[in-house]
Structures are given as C-alpha cells and as structure tokens.
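A closer look at the structure
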Amino acid sequence: MVNFSQNMDRGANMNILDYMKDHFLFLDGGMGTLLQEAGLQPGELPERWNVSCPEEIIRIQKSYYDAGSNVVLSNTFGANGLKFDDEELETLIKAAVENAREAARQSTGTQEKFVALDIGSLGKLLKPYGDYEFEDAVAMYSKTVRFGVKAGVDLIFIETMNDSYDTKAALLAAKENSDLPVFVSNAYGADGKLMTGACPAAMVAMLEGMHADAIGANCSLGPDQLVGVMEEYLEYASVPVLLKPNAGLPRSENGKTVYDVFPPEFAESVGKLLEKGIRIAGGCCGTTPDYIRAVVERSKSITPVPVTEKNRSLVSSYTQAVEFGRSPILIGERINPTGKKRFQQALRENDIDYILGEALKQQDAGVQLLDVNVGLPEIDEPAFLLRAVKELQAVTDLPLQLDTTDPVAMEAGLRAYNGKAMVNSVNGKEEVMSVIFPLVAKYGGFVVALTLDEGGIPDTAEERVAIAAKIIKRAADYGISKKDLIFDPLAMTISADTTAALATMQAVHKIRHDLGVNTSLGISNVSFGLPSRNIITSTFFALCLQDGLSAAIMNPYSQEMMNVYYAFRALHNMDENCMDYINYAQNLPAPSMTAPAAGAAPAGAPAADASSSGGPATELQKAIVRGLKEKTGSLTKALLAEKKPLEIIQEEVIPALNIVGEDFEKKKVYLPQLLMAAEAAKAAFEEVKKLMAEDGGDGPKRCAFVIATVHGDIHDIGKNIVKLILENYGFAVSDLGKDVPEQTVVDEVIRLHAPIVGLSALMTTTVPAMEETIKLLREQAPWAKVCVGGAVLTQEYADAIGADRYCRDAMETVRYAEEIDQALQG
C-alpha cells in the first residue's frame, strides 16, 4: 500500500464547494455487492478489507474514478467504535483514505477528484424511542470524524440515515470536530418519509439550520421511486441537493443479489432529476461503475440548474415542518408559569405529567407549535428545560418554541431538540445577540426577535422597525438569514396607553411588508387590566392578522380567538373549500373561556387521538395511545383494585395498542408514536406482573418468537422495535441480539421449539447470512415459520431466499405472529 502524507493530493484539488458552483458533482456507486463479487464472505466486516485486501478496494474505487466519479467514498460505512476498538478503527480509516487516494492517483480520469469520509448509521435507536443516549451517539460519531480528518479526507459524507435524531448526532459530530464540507443523505421509505416519520421538508429545515453543505437521499429505492422526495427537497432547499439511489429493487438469483434497473434506464431517470435541479448524483445498492458512466454521459446535454435561496421560513419536529409566512401560525402559550399558579406548582413538584397534559390539550385545540417556558427562580432551569424538551418530544410531534432568557438553558434545549426549534428570544441589545446568535448558528433555529434594545421599548412603530433592521444586519454576521428571523413588535396594554395597540399594528405592517420578514405577537398582553379581556384580545388579533401578522402566541382554549383564526383563513383563501372552518364550526360546543378538563376535546377541535377504530374509550386507553408512561402506570395500579389483571390486558391494553397499530399501518401515526405507546403499555404490564407475582402467577404469554439480526450485521434498530411491540402483544420473545451466527439461531429455535423466527438485515452484504440461516432452519427446525425484514429486502427477495413472510414493519410482524399463534391455539 502506498503511504500518502495527510494532505497529499488534497491540496492539488480545488475546493469542492467552489467546484460545485458551476458543475455537476458525480459520486460513486455501490460497494457492498462489488465486494461480495470479489470474495467478501457472509459475516465478514468490509472495513477490514482496507488492510487485508487493499488491492481490491483500490481496484473498485479506481473503476469509479475512471467512470467519471468526482467523489469516491472511503470504505468506512460501518467504521465506528461499536465495531472496532480505537486502535483498529484509526488503522482502518487511515488505510481506507490511503486506498481511495491511490485509486485517484491510478485513475485515467481527468476530472476533479475528491475523497469523502463515509459515515453510516450506528444502527442504534436513540432515546426516548430506543436505549442509546444522544450524547453517546455524538461521541461515537466524533471519534470516526477525528480519525477521518487526521487521515486527510476532503469532505464528510453522512449517508443512509433513517432517523432525524441520529442524523443530527452525526452532523453535530462532524461540525464540532472538523471544518470540512459535510454532505448529509437520508434513506426514505416508499411513503416518502424516514423510518421515524420525518418528511423531506423537516430534514431540510434541520440540516440547513445546522449548515450542512449538501443534502438529499440515498438507498432504499430506485430513482423513479424517489422523484417525490427529490421534488420536495428542491422546493425547500437553498443548498445543493444530492441523489444516490439504488438500482431499483433487489431480488436473489442463484444466491446472488441482483437489481431490476439497468444503467441506461437508471441514467435516464437520474438525468430527468438533474434537469429539475439535482446537482450531485451517484448510485447506491446494486449500482456499478457502468451506472455512473451512464449518468455522466447523460449529464453532458444538461446545463446545471443554479442553486437559489428559497426563502422558506421553517421550523420542524422529528416528523413535520411548519412554514411561516403563508398562513397564520398558532403557538400555544400554556406551558409557561407566568400567571399560572397550577403550572408553577407542577414545576416545583417536578410534575412532568401535568406539563405533558397541557401540551396534548393544546395540540388537540389546534395549535401548530408549543411555547415551552419552565423558568422559575427556585428551579434548575437548564436541567428542567432539557427534561421538558425530551419528554414533550416523546408524546407530541409538534415543533417547540424554547422560551428562556438563560443562555445555558437555551443551549441545553437546542442541543437536545430533535428538529429545528423556534428560539424565544433575542432583542436589539448586543449583549443578548452575541450570546444567542452563535447558538442558533450552531444548532439551527427560527429566532423570535423583540423590537427593544438598550433604550427600552420604543413608543413609535418607526423606532421598532429600525431596531428590527439592526437585528437583521447583526444576524447576517453569524450566517443567519432573515428567513430565520421572526419579529415581535411587542403588544403593550391599552389600559395604560390607549395608543399602544396602534403603534404595534403599524410596526407589524411595516416589518412584514417593508422589511419582508415574519412577525409574531404575544396577543393577550394588549388587554391586561381590562374586563372581558377576550373581546379586546380577539379583535386585536383580527386587526393584526390583517396587517400581516405571521404567528401568535395565544390561548387556544379561547373560543373567540379560535373563531377569528378560522374565519380569517377562510376569508383570505387560506382554507381550501373552507374545510378547516367547516370542521371547526361543526364541533363548536357552548363558548368556554377555560381549559377543558383532562382528556376532553377543546372547543371546535376533534380529539387528536381519534382513530379509525373509534378512538380510545377509557382514560387508560387514552394514556397508552398518547404514550404517557407514568400516567399509564398509575391508572393501571388503581384499576387493578377493581378489575382482574387479564381483563385489563384484554379490555384496555391490547385495544389501545390496536388503535395505535392500525393508525400506524394507515400512516396516520409514525414509528415514534407507536414506540411510545408500546412503552406506556409496558408500564401497564409491569403493574399487572407485580400483582400476579404476588399471587404466585405470571403475565399472559403467547407462543415463543426467536428474533435476531443476522451474522455480520450490527444494525439492530428494526429488530429492537419488533421485539418491543411483540412483547407488548404478549409474545415470549427470545432476542439473540445482533451479528448472530446462523447455527446459534437454529439452536435457540430447537431449544424452545419456537414456531416463529424473525430475521433482520440492513446491508446487502449480510443478506447471504440470512439465506444461510433459513437454509439451516429448514434442515434442522422445519416446523418453524420464518419472517424477514430490513431495508434491503422486498417480498420477491424474501421469496427467493426461502422466507415464509416478508414483513415491512413491526405491525406486519405482529399480525403474522398472531396468525400463527391463533393457528396453534385452534
């Protein structure tokens, strides 16, 4: 192997970001299938070939450079501290980069060439949905990044990420440990969302906010199936968009993985997306140098579409993006101790269930965001805000507005937040901007900017507009665009100054229309000290909306305020066919000025947990459906005094799980909600088990189910999800873990005489191990049914390797297991 110095060749290339301004950038294609053809054995770790078989790695990578690739990814997709100790990890990454450099040197291609550090997922689901800490993931990715930077890569390429939080951990690690360009690519399913529910717009919001240099999609699907995902990226992204699709869908022929899209068809499909604005293209599973060569050739007749600023103002959660500036946005104000004695009590007593309940009631009332303020002098605000962010994101997918004057608390919340948060707030004081803007530049955020400065709150609209202009200019110094600013011109009470509302409305109009930025107000301040406040507040709300107000922090339990909101949208052609207004009006009860009782639907709003099966019928079912673990446990404990344990399981827990499961299957809820409902159900099961253990019994059990991630594959996210859901449905799951040898699976099936086996694989290189496991099961445990799942599998592929059932997700696995269990019982 040639020993290159750290910076050899790197300095000879122009900067990749400069190159991308005027050129398409071509990536490489698949590596795993080519390594299998070269002799990689089932269960063998591809990264070790960097040292043991460098000539094969160099040969493959040279063939990609020869085909026209500008960027070749180092053979480090699975190189992380979960697989290798530090010494071996550094050795493998160094060798991988040297191999790619040697491939570039040997290549006859005359194009610009770059080497990227390839980083794949750790294969862990992060808390609260899994058991791996976010900061542990950041630390693990950081180690890989540092070794890659030391080895002299040109850029970092984070790919095949199917969870937004895992993606954030990897990007944060890259940004904190290097100054190299970072490209981020996510793996979308056929529904156009990540495994944990994020849509492309949500990923654009988060990744652009954290200053990724290029973003897009790879793996899972062929180019035609990713058209919708790419179009959404192109609609929202102001950075270059990349595409690295599979060669269609895989199947097995004579023990070999093959794909159904060939180079000419692949190049034509990718070419159409280049014409639409994709600037970076390559291939993933099943693609070879021939595919890249065809794409490069197809691109010669295409002029690159310029990358433009889209000026879309977005915040996001782990599933959805909310856009400001097109339709008014409602921000729920109730998670705030100001003037709320019961909320203050909850903070002092560490009563997180009360806070979660307020969040869910406001979500039911129709708000699009939740303001989160937990500031009391006597509590540890940074610690409590951090906890509140994590707990809230476990039960609601609404984006959050982090509301604190404590910069330590703000950073804790922003770092832990899964998505792009709203930040409340900065103002025109330099001492505030110099602290908050760097946090937003690092973690991303949509910033509320108050129009006050060292001189206080100006009396006139013109002075407030001048402060807004100053803040826009200062934010730009930190790389924060005005699309990520929203201005609060401050509503003052008219009981103290009857001209106050006029100045605020004038400022709203000027900031929105003259400066071209979004506006927000804490609406209720205007009526402070007056009787029948909602009359003033709701009328002021309507007038401000007419002046261009983009968002309001408001009380969603006020029917008058909600009347204005729905009527305004209908009258301004923001409500197609007036359907939102009609739905709201049809559900209007008698007017109410107070919050609904726990579990009751607010005025005019249908219950958010209603489902196709009629929704949860009891308080316990509601708690499980909403993922409220502590409340589920306490309700179950109380109910055990009235009902038999098995009745609770059959009449409460299983029906609640079925509600969430059915909605998951219909894409009404996504994986996080399913997992949190399962965790809540587990709390109910624990209470049942405690009582049954006291009586000398055990919890209800269905048949045995052996589950494993196959030999050579350390990705156990999918397997762990299936295990959790199966256990909640009463199956006796034997989890063998990850990287499980074929015979170990067979031995466990024989030991338990298990009627069902579940096998998981994420990578194409490990599917042969799955096929071998099935073969041994047929020989030694022929009674066992085998279901398989994983990102690389399809029904056709499952049929070809001899599986009995292909299960796309956890609920399909549960349904199949129920079929088998019922057959055994019958």
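Residues numbered from 1 in each chain as written. Predicted model: local features only at pLDDT ≥ 70, side-chain atom pairs only at ≥ 80, totals over all residues. Heavy atoms only, no water.

**Here's the deal with the domain arrangement of the protein chain**
Splitting the protein chain by domain gives domain 1 (4–299), domain 2 (313–572), domain 3 (619–694) and domain 4 (704–825). Computed over C-alpha atoms only, the centres of domain 3 and domain 4 are separated by 26 Å. Taken together, the 15 residues of domain 3 in the interface contact eight residues of domain 4. In this assembly, domain 3 packs against domain 4 so that about 1100 Å² is buried in total across both faces, 67% of it on carbon and sulfur atoms. Taken together, the connections running from domain 3 to domain 4 amount to one salt bridge. The partner of glutamate 665 in a salt bridge is arginine 815, and the shortest N-O contact between them spans 3.2 Å. At the junction of domain 3 and domain 4, the tally comes to five residue pairs in polar contact (both at pLDDT 80 or more). Put simply, the parts of the chain that give the side of domain 3 that touches domain 4 at least two residues each are helix H24 (645–665) and helix H25 (671–694). With eight residues, the single largest contributor to the side of domain 3 that touches domain 4 is H25. Looking at the side of domain 3 that touches domain 4, its residues break down into nine nonpolar, two polar and four charged. (Domains from an automatic or database assignment. Contact = heavy atoms within 4.5 Å. Buried area = accessible area lost by both parts, 1.4 Å probe. Salt bridge = Lys/Arg side-chain N within 4 Å of Asp/Glu carboxyl O. Polar contact = N/O pair within 3.5 Å; in protein donor to acceptor, adjacent residues only side chain to side chain. Helix = DSSP H or I, 4+ residues; strand = E, 2+ residues; numbered from the N terminus. Nonpolar A, V, L, I, M, F, W, Y, C, P; charged D, E, K, R; others polar.)

**Points about the side chain of asparagine 418**
Within the secondary structure, asparagine 418 is located in the loop between helix H15 (407–416) and strand E16 (422–427). Setting aside chain neighbours within four positions, we find asparagine 418 in contact with Ser164, Tyr165, Ser316, Ser317, Tyr318 and Gln393.

**Description of helix H18 (residues 500–513)**
Here H18 spans 20 Å end to end across 14 residues, near enough to the 20 Å set by a 1.5 Å rise per residue. Of the residues making up H18, those classed as buried are Ala500, Ala501, Ala503, Thr504, Met505, Ala507, Val508 and Ile511. (Expected span 1.5 Å × (residues − 1). Buried < 20%, exposed > 50% of the residue type's maximum accessible area, 1.4 Å probe, protein only.)

**A few points about the environment of lysine 124**
Among the secondary structure elements, lysine 124 is positioned in the loop between strand E3 (114–119) and helix H6 (134–151). Lysine 124 sits in the buried class, given a relative accessible area of 15%. In sequence terms lysine 124 and isoleucine 717 are 593 residues apart; their C-alpha atoms lie 5.4 Å from each other. In contact with lysine 124, not counting residues within four places along its chain, are Leu82, Tyr132, Asp716, Ile717 and Lys738.

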